[in-house]
Structures are given as C-alpha cells and as structure tokens.
Amino acid sequence: MAGSRLLTYKEKNTWIHRLSGVTKMLFFLLWSITGMLTYDTRILIVMLILSFVIFALSRTEWAQVGTVFKFILLFLCLNLLAVYAFSPHQGTIIYGTETVLAFSGRYSLTAEQLFYEFNIMLKYLTVTPVVLMFIVTTNPSEFAASLNKLGISYNVGYAIAIALRYVPDVQADFTKIKHAQEARGIEMSSKTSLWNRLKKMSMIIFPLLFSSMDRIDVVSNAMELRGFGKHKKRTWYMARKLTRNDYLTLAFVVAFAAIALAITFSDGSRFYNPFV
Amino acid sequence: MTPIIEFKNYTFKYRSQTEPTLLDINLSIYPGEKVLIVGPSGSGKSTLAHCINGMVPFSFPGESTGTLTVNGMDPAQTGIFGMSKSVGTVLQDTDGQFIGLTVAEDVAFALENDCVAQEKMFELVDRVAETVDIKRLLEHAPTELSGGQKQRVSMAGVLVDDVDILLFDEPLANLDPATGKRAIDLIDRIHREKKKTVLIIEHRLEDVLYRDVDRIIVIGEGRVVADQKPDDLLVSDVLIREGIREPLYVTALKHAGCQLTAEDKPEHIETMRLERHREKIREWYGKVTLPDPKGEKEPALEILDLDFSYISGNPILANIHFRINRGEMLSIVGKNGAGKSTLSNLICGFLNPDRGKILLNGADIADKSIKERGEVIGLVMQNPNQMISKPMIFDEVALGLTVRGVPEDEVKERVGETLKICGLYPFRNWPISALSFGQKKRVTIASILVMNPSVLILDEPTAGQDYRHYTEIMEFLKELNEKYGITIVMITHDMHLMLEYTDRAIVIADGQLIADDTPANVLTNEQIADRAYLKKTSLYDLAVKCGIEDASGFAERFIYYERQVRENGRLQTADL
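A. Broad picture of the overall build of chain A. When you go through chain A residue by residue, the secondary structure sums to 10 helices and 2 strands. Secondary structure elements in chain A, listed N-terminal to C-terminal, are α-α-α-α-α-β-β-α-α-α-α-α. C-alpha extents for chain A along the principal axes are approximately 70 × 55 × 35 Å. Across the 276 residues of chain A, 33% fall into the buried class. Contacts in chain A between residues far apart in sequence, at least 24 positions, make up 76% of those at least 6 positions apart.

Spelled out as structure tokens, the structure:
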C-alpha cells in the first residue's frame, strides 16, 4: 500500500504524534467546545492562527485530508448562504445596529450580517484543522486505549479499532464484487438513472453484506477463543503513559479555554461587538 | 501416563440438527503427542476440535452424553475463556482471525484480555515473535503480510499464552504448497522445542506428512474410523473408503499392484523402503501407454507481450505472452501475489494493460467494455458468497440475461437449460441459502454459463474443499469442457488440480511467465517449482528412487492411468 490513504492514521515522528491519545482527545474536545461557545472575534482569530500552527506542526499532508477539507469548505459555503437566505438580519438582531451596504428590503446586506457570518466561518476554520489533525495523528489502537482510560467501556473502543482494521479488507471485497457484477452486465456507470443505479447498487451490497457476515463470524470466534471479554478491564499493548508534554498540553488547553471563555462572557454576551 | 485429552463414549448433537454429529467417540491423546485428524467435510472433525476448545457447547450449543476431559477439565464446565489457558486454537482463515491493527497488537491480544502489564507484554511478545520468526514484522499491518506470515502471527498469538495444547484447524487451507510446507515445518519445530501436544485437523494428508506425526485419527460420519500410526494407516484402504486423498506415491504404488506393508515405512517418500517394489513400478511404467497428444487447435485467447504496473517502474506483470487454445483446460499457477489475479483482471477488462494486446478469437478486445467482455469471457470468483445477489436460484442464474434485456421466454428457456447442465434443475425454485457450499459454487458457475461464454475463468475453484467435493466440482468442469467445448482457465495453487485436470500450466512468478508446459513437466522441475512456490510432486521422488529417468513421463502416465480408473468408476486398486 503506497501513498497516503484518506483520513487514516499515518506514523510520523513529531511531538504531536508522540502525545497520548487521551491528551489529543481532551484537547480536541475542549478546543471544539470553546470554539463553539465563543463568538468573540478576537479569540476566534487567535484560535484560528493557533489551529493552523498546530496543523503545520503535525506535518499533515494535503493528500491525507485534502478531499475532506474541500468537502467541509463546500459545506461551510452552503451554510453561510443558508444563514443569509433564512435570516438575513440575524446580525442586526445580535449587534443591535443596522449598517446597510447594498440592496434593500428583506435581503438588504448589512455589515452586521457579514460580520456575523464571518464569525461562523472562523468557528468552522478553527475546529476543522484540529479535528483532521486528531484523526491522522492518533493511532486507532492507542485511541481505543485512551477512550478506555477516560472510563468508556473497552467494547466501544475496540469496536472502533476493529472496524478500522477491516476497512481495507471490505474495500477490497467491494472492488472485487463490483468487477464481477459489472462483468455479468450490471453497469454502474452514470449512464442510467439514479433509481436504476440504486437498484444495481443493491447487487453489490448484498454479496458484500454476506461476505462481511462470514468475516464477522470468524472474527468474533477468534476474539472469544483468545479471551476477549473475560474481565471487566483489559490492558493495552499500545497504551501510552502521559508524559511531561501531555501535562503541558493539557494545562495549556484548560488555561486557554478558561481565559477564552472568561473574556467571552465578561460583558455578559457571547458576541464581540465592534459596532458600538 | 494419563491422557491430556480423553473422550469416553462421547456423543454430541447440535441443537439445530436431528442427528448427532459425533457418535460414541472414544479417544485418548497423551501429553506431547502430535496427532493428525483427517476426515471429509461434514465428518465431524471440526466439531471434535470445537469440543476441545469449548466452542461447543458455548458458541455452538447442543447436547452431549459421555465424558470429555481436557487437561483435567470438562470444557462444557470450564468455558471458552477457561479452556483458552490450556488450548490454543489457530483457525483456518488466517486473514479473518487477524484482530490487531499491527502484528505486535495481534500477538498481544490474549495478554491484553488477561490484564497483563504493558512492560511484561512487550517482553512476551518479543520472545514469542522470535520463536516464529516474525520479529521484523511487529510494526506491520495485516495488509502488508503474506498468507504464510499471517499464519505465523496467528501461531504467535496463541503461543504467548503458554498453552499446553495447540489445535490447528486446517492450517494449509489458504497457503500455496511451498508456504504450506514451511508451516508444517514450523509446527513440527514448536512441537519438539516447546514440548506441546499438537492436534492438526487437515485433509491434505500428504502435505502434513512432510514431517512426522505420531498418530492419524480418521473420522467418518461422526465416528472414529481409524486410530493408527501413519505407516499402518497408509497401507490400509481406510483412506480411500472415507474419501480422503492418499499421498500420490502411495496411490501410484497401489496402481502398480504393489502390496505395501508398514515395514516399507510409507510415511515419507524420502525414507520409504522401495527395494521390494522397484521392479513392479518399472514394469507398470513400461505397460501404460499414453494416447497421442491432441492436435493443434485454434487459439481462443491470445495474450501478447502484456505489461502492467500500478506504479510506474514497479511492474506487476512484464512481457506476459501465451495463448489459450479453444477447448483447452488450462491452469495459471504461482504463489499468492505473483500476479495471477492481476492477469485475470486484465483479461476481463477491470484493469488496462500498459503495453501489449489481448486477442479473443483473433480480434483485439482493447476497446470492449467490461460488460461486452463478460458476454464471452466468464469469471467465477473464489467465494460464491461474493457473487450471489439474489435470494432465489432461478433469479440469480437469470440475472445476466435480464439486465441485457433478453425476452422473458428466452430467459426461462436458457436458464432451465443451464440449470439442467449444472444439475441444479430440481432445485430451481429453492432459496440459495438452503444450498451447500459446493452447490452455491455451481449456481455461480451456472449464472455465468447462461451467457454462453466461450472462455470460463475460475479463481481457485476448489479452495477449501475436501476430496469428494473437489472431485465433484472438477468432474463437472471437465464435463463442461468435453461435452460443451468450453475453454476453461483455472487460477490455482492446488497442485493436484493442475496435475489431474489440466493439459497445460502457465507458471507466473514475480510478474514473469517462467513456464508454459505440461503440469507433469512443471511439477517435476525443481527450479520452476521453487520459483513459483510450488512443490515438486512426490511422483518425481518415486520415479527417481525407482531408477526411472523420465520422471515427468512417469507422472504423466500416472495421471492418465488415474483418469482411466476414475472414468471406469473404480477408485480402488486395479490391475491393467
């Protein structure tokens, strides 16, 4: 398997990769919560800059996340348009002033609205790099171990890890089945209507389901034979102890979240208002 | 000595079945023994293994009478987890039982579940990785491993637990012959060095006998049919009666009319005493005459100078050049990952060659779509579950026609006819889920045949099948070939299949075509066999030991004779 597969963990030696999965997960959670709660533009801009710095430090390649990133950007644009379409004066309601820049009537474009939507965009952009980075820098097994450490049942963590284990196998099955069905004359190309394509898709999905079910049978037997589920607890080969860097990172993100939220709510509103 | 495993008047019936699967089993296995358990599919040999590791009755419920003691415990009381401390099971699906995301994690899996401290795990995993020689693979993901390597990982995964009994469930099923040989060697080494009790369940008898076993237990219809030393068993007719393939050299000796005794030591051809039989063999060799080879035929499929690579500079196939004649039955062989499947993908149009041409009946098919090629070149996949997409047999077989818009009457007629050819007509209104594996295979073949292809490509048509089912599938294919003139290409690493059923073998190793010759020649040529991860046939050793120079000619005569015997319906020893 050469090249980088989309959105999968890739071993690299950076300090971010060396952090424990627990740390990265807590960082990612606190970071996202802060990003979602605050509408304080100053904080969002600081977070945005930090996000991109972290992203660069993790040495994530464009090939690993590019497609997903583009997809998120598209979604962001749609979201911004939708906000404008459904509540074109949300900005005015929030900031209390109205500075019309263009158009008039229901869809008059106000500076407040633009500023409000700019904040939404910032929120997306502060959270996205951190999420992507979390996915591509965290070893799934170690992640499962981390979830377990946070008190979540190891069954959940293992379910995720094992799903990731079998993704390449199921992908290979899918290609094989698709080819065989195409040879039998079931065309998957875009020549036919959507309904027909869906119907034909089922001719791949069923064999895929059945062969995956065979697989599940084997795996669950194999897991049981080797004692999975014997105890309430288990240990993890891939577990990582928290190091100094982990504590520093955690301390930083807790402090950052606390300060950011303190600033945000200091004046009793989540919004930073440049218009008054 | 007290046995480590002891069945006493043991009978077991699955909850879902009306008849017991194991009947009145009395069997003792002693500590440190290495025992081979053979039997056809459905004989109950796997059930026997499941009783030992606790899968029966916990994963597969049912009722039992009599007693079973394993390492002083009753598996039905102790449970799967408890038994896993005494019995390590290596399943046949090396891919499916790979649980971890990397080799190291997979090996450590049992330790993790036992809450072993991480430091201790590192140490244990390292040590066991050394034993099975996978130390440099510890960081690798399963997709980066070969079948043989995966099996080593599975072995390491049960060895970390320091179990007393190792249970191998068809360890050779997914391996090419040379890798299988190595696996047997490794099992033997572990048995000797670690003083474990080893149970091997397998129907590829000759391959397991590459290394000594203490006893062979034959299971037939739920009963212990034989429990003997290999030398004693091989000279009896138990194996043939139970539908298990004898080692080829033993069959050859029997065909030649030699009266074998245990004193001949027939367990290994290398050390067998053949003095008494040499003359008989030579005499038989002189008597069998081969028919004249079939005349030159027109080509059905021509592969001209084919190159293919996924990443340029890293060729998967290079300069592949050969032809397949109309009405031929041909095998494409080579180790896993040699490029055999890539070749069939190129022929079917799933991939496009970087260079070279593929001609079908003299015409270039480069501009033909997958669908168009599918009408003339039919592909049957290894696992029938990967092809079947309809619940009913009739609909499944009709699928290729209905999507092509063939009128309903014609569909009905053609499907009916195909089902008759395939012996499935009586089942036409059955749901596919009610069929056995072999019957499902037939359905997939029927669903391709219905389109009247001129070439049929089958990927490992008999993988995982016992001798009886193997013969059933292969005889059916032979009939298609002989009666209906369909050209049949089989991608395989089953040496028996290529030897017994194909006229020619295309051997691919590391992306190169290294031989295009009769199977008898390929399998008696050490150099080719080595490069392609095949194994030289034991007929070669037999011929050499009897002073017959033309070993390939000897193998060919043997196959021809076998075919005659089979066609006359006698699988017993016969005189000319």
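B. Structural detail: the domain arrangement of chain A. Each domain of chain A was delimited in the assignment, giving domain 1 (15-139 + 244-265) and domain 2 (146-225). Computed from C-alpha coordinates alone, the two centres of domain 1 of chain A and domain 2 of chain A are separated by 33 Å.

C. Representation of the packing of helix H6 (residues 147-159) of chain B against helix H7 (residues 177-194) of chain B within the structure. All names here are of chain B. Where H6 contacts H7, the axes come no closer than 10 Å and their chain directions differ by 20°. Here H6 is positioned roughly parallel relative to H7, judged by the angle of their axes. In the crossing of H6 with H7, the sense of the turn from one axis to the other is right-handed. Every residue of H7 that contacts H6 at Gly 147, Gly 148, Gln 151 and Arg 152 is listed here: Thr 179, Arg 182, Ala 183 and Leu 186.

D. Region of the structure containing the interface of chain A and chain B. Chain A puts 46 residues into the contact, and the matching count from chain B is 48 residues. Counting residues per element, the ones that place at least two in the side of chain A that touches chain B are helix H7 (140-149), helix H8 (154-183) and helix H9 (194-225) of chain A. The biggest single contributor to the side of chain A that touches chain B is H9(A), with 14 residues. Class assignment for the residues of the side of chain A that touches chain B results in 25 nonpolar, 8 polar and 13 charged.

E. Expanded view of unusual backbone geometry. Following Val56(B), the chain continues to Pro57(B) via a peptide bond in cis, the omega torsion being 5°. Backbone geometry at Arg59(A) places phi at a positive 50°, although glycine is not the residue there. For Arg59(A), the location among the structural elements is in the loop between helix H3 (41-57) and helix H4 (62-86). Although it is not a glycine, Asp24(B) sits at a positive phi angle of roughly 50°. By the element assignment, Asp24(B) lies in strand S2 (residues 22-29). Classification of Asp24(B) as partly exposed rests on a count of 15 C-beta atoms within 10 Å.

F. Here's a closer look at the sheet that holds strand S1 (residues 5-14) of chain B. Residue and element names in this part refer to chain B. The strand order across the open sheet formed by 3 strands is S2-S1-S4, and the pairing between neighbours is antiparallel. Taken across any chain shown, the strands that pair with only one partner, and hence form the sheet edges, are S2 and strand S4 (62-70). For this sheet, the mean angle separating the axes of adjacent strands, direction not counted, is 20°. Pairing of S1 with S2 involves 5 bridges; the strand directions are antiparallel. Along S2, the bridge assignment pairs Phe 7 with Leu 27. Helix H1 (residues 45-53) contacts S1, S2 and S4 of the sheet and is inclined by roughly 115° relative to S1.

Definitions and limits used
Residues numbered from 1 in each chain as written. Chains lettered and ligands numbered in written order. Predicted model: local features only at pLDDT ≥ 70, side-chain atom pairs only at ≥ 80, totals over all residues. Helix = DSSP H or I, 4+ residues; strand = E, 2+ residues; numbered from the N terminus. Buried ≥ 20, exposed ≤ 12 C-beta atoms within 10 Å, placed from the backbone. Contact = placed C-beta atoms within 7 Å. Domains from an automatic or database assignment. Axes fitted to C-alpha atoms, helices over the stretch in contact; angles between N-to-C directions. Parallel < 35°, antiparallel > 145°, perpendicular 65-115°, else oblique. Left-handed = near helix turned anticlockwise from the far one by under 90°. Nonpolar A, V, L, I, M, F, W, Y, C, P; charged D, E, K, R; others polar. Pairing = 2+ DSSP bridges.

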